[in-house]
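Commentary on secondary and tertiary structure
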Amino acid sequence: MRARQAVRAWAVELGFSLVDQTKLVTAASELARNTVVYGGGGAMGMEVLEDGARTGFRLVFTDTGPGIPDIPRALTDGYTTGGGLGLGLSGAKRLVNEFAIQSAPGEGTRITVVKWK
Ligand SMILES: Nc1ncnc2c1ncn2[C@@H]1O[C@H](COP(=O)(O)OP(=O)(O)OP(=O)(O)O)[C@@H](O)[C@H]1O
Ligand SMILES: [Mg+2]
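Residues numbered from 1 in each chain as written. Chains lettered and ligands numbered in written order. Predicted model: local features only at pLDDT ≥ 70, side-chain atom pairs only at ≥ 80, totals over all residues. Heavy atoms only, no water.

The grouping of Trp-10, Met-46 and Val-48 at the surface amounts to a nonpolar patch, some 240 Å² of accessible area in total. Position of Val-48 among the secondary structure elements: in strand S1 (residues 42–51). (Patch = residues over 30% accessible without salt bridge, like charges linked within 9 Å, V, L, I, M, F, W, Y side chains within 5 Å. Areas by Shrake-Rupley, 256 points an atom, 1.4 Å probe, with all protein chains shown as cover. Salt bridge = Lys/Arg side-chain N within 4 Å of Asp/Glu carboxyl O. Helix = DSSP H or I, 4+ residues; strand = E, 2+ residues; numbered from the N terminus.)

Here it is, written out as structure tokens:
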């Protein structure tokens with residue numbers, strides 16, 4: 001809930017369209033929920049990007065949970081180990097411009113997403 005509120009507030013502040021605000025909030029919600037459900041809790045970092053005339057918003061989700069052993073499989077629509085829909089990661093990926101997962105068994109998970117305005 002806090003992740004959703006913080007991302008919404010910043011997306012508004014940065015002037016993202018209503019559609020893009022919703023995409024960002026939805027992606028953040030899914031990724032934050034995974035850190036809680038699978039990672040044992042974690043952190044979300046937010047960063048504003050300036051690239052020439054472009055403004056972007058970067059979100060980084062980190063946890064020190066068990067990690068994701070097979071990243072391509074975790075990104076497959078419908079794959080879940082927790083009885084969910086298995087659409088959180090794949091859905092979040094489709095809602096942003098850049099999406100990267102760093103994870104290894106026993107080393108936790110870091111997911112970085114960027115959306116450009
Ligand atoms: N932070 C994480 N740490 C460890 N494993 C993770 C993490 N995030 C995702 N996973 C693994 O990837 C799988 C797919 O995640 P995804 O969010 O797509 O689906 P889900 O959480 O199972 O269901 P939902 O559609 O409700 O989000 C999870 O079931 C879990 O096995
Ligand atoms: Mg999920």
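This next bit is on the side chain of Ser-103. As for its position among the elements, Ser-103 is in strand S3 (residues 98–103). Of note is the side chain of Ser-103, whose polar atom sits 2.7 Å from the backbone nitrogen of Ile-68. Within polar-contact distance, the side chain of Ser-103 engages the side chain of Thr-109 at 2.9 Å. For Ser-103, the contacting residues outside a window of four places in its chain are Gly-67, Ile-68, Ile-71, Gly-108 and Thr-109. (Polar contact = N/O pair within 3.5 Å; in protein donor to acceptor, adjacent residues only side chain to side chain. Contact = heavy atoms within 4.5 Å.)

To continue, consider the site of ligand 1. Around ligand 1 sit 19 residues, and of these Asn-34, Tyr-38, Thr-80, Thr-81 and Leu-87 come closest. One nitrogen or oxygen atom from the side chain of Asp-63 is found 2.9 Å from a nitrogen atom belonging to ligand 1. One of the backbone N or O atoms of Leu-87 is found 2.8 Å from an oxygen atom in ligand 1. For ligand 1, the accessible surface in isolation is 600 Å², of which the surrounding protein chains cover 93%. Put simply, the parts of the chain that give the shell around ligand 1 at least two residues each are helix H2 (18–37) and helix H4 (88–95). Broken down by element, the shell around ligand 1 gets its largest block of residues, three residues, from H2. Residues belonging to the shell around ligand 1 are distributed by class as follows: seven nonpolar, nine polar and three charged. (Near = heavy atom within 4 Å. Nonpolar A, V, L, I, M, F, W, Y, C, P; charged D, E, K, R; others polar.)

In the structure shown here, the tally under the stated rule is one aromatic pair. Plain terms: the ring middles of Phe-16 and Phe-57 are 6.5 Å apart, the flat faces sit at 35° to each other, and that makes the pair tilted. You can see Phe-16 sitting in the loop between helix H1 (2–13) and H2 and its partner Phe-57 sitting in strand S2 (residues 54–63), a full 41 residues away along the chain. As far as burial versus exposure is concerned, Phe-16 and Phe-57 are alike and both buried. The ring of Trp-116 carries the charged tip of Arg-54 above its face, separated from the ring centre by 3.8 Å. (Phe/Tyr/Trp six-rings, centres within 6.5 Å; stacked < 30°, edge-to-face > 60°. Buried < 20%, exposed > 50% of the residue type's maximum accessible area, 1.4 Å probe, protein only. Lys NZ or Arg CZ within 6 Å of the ring centre and 35° of its normal.)

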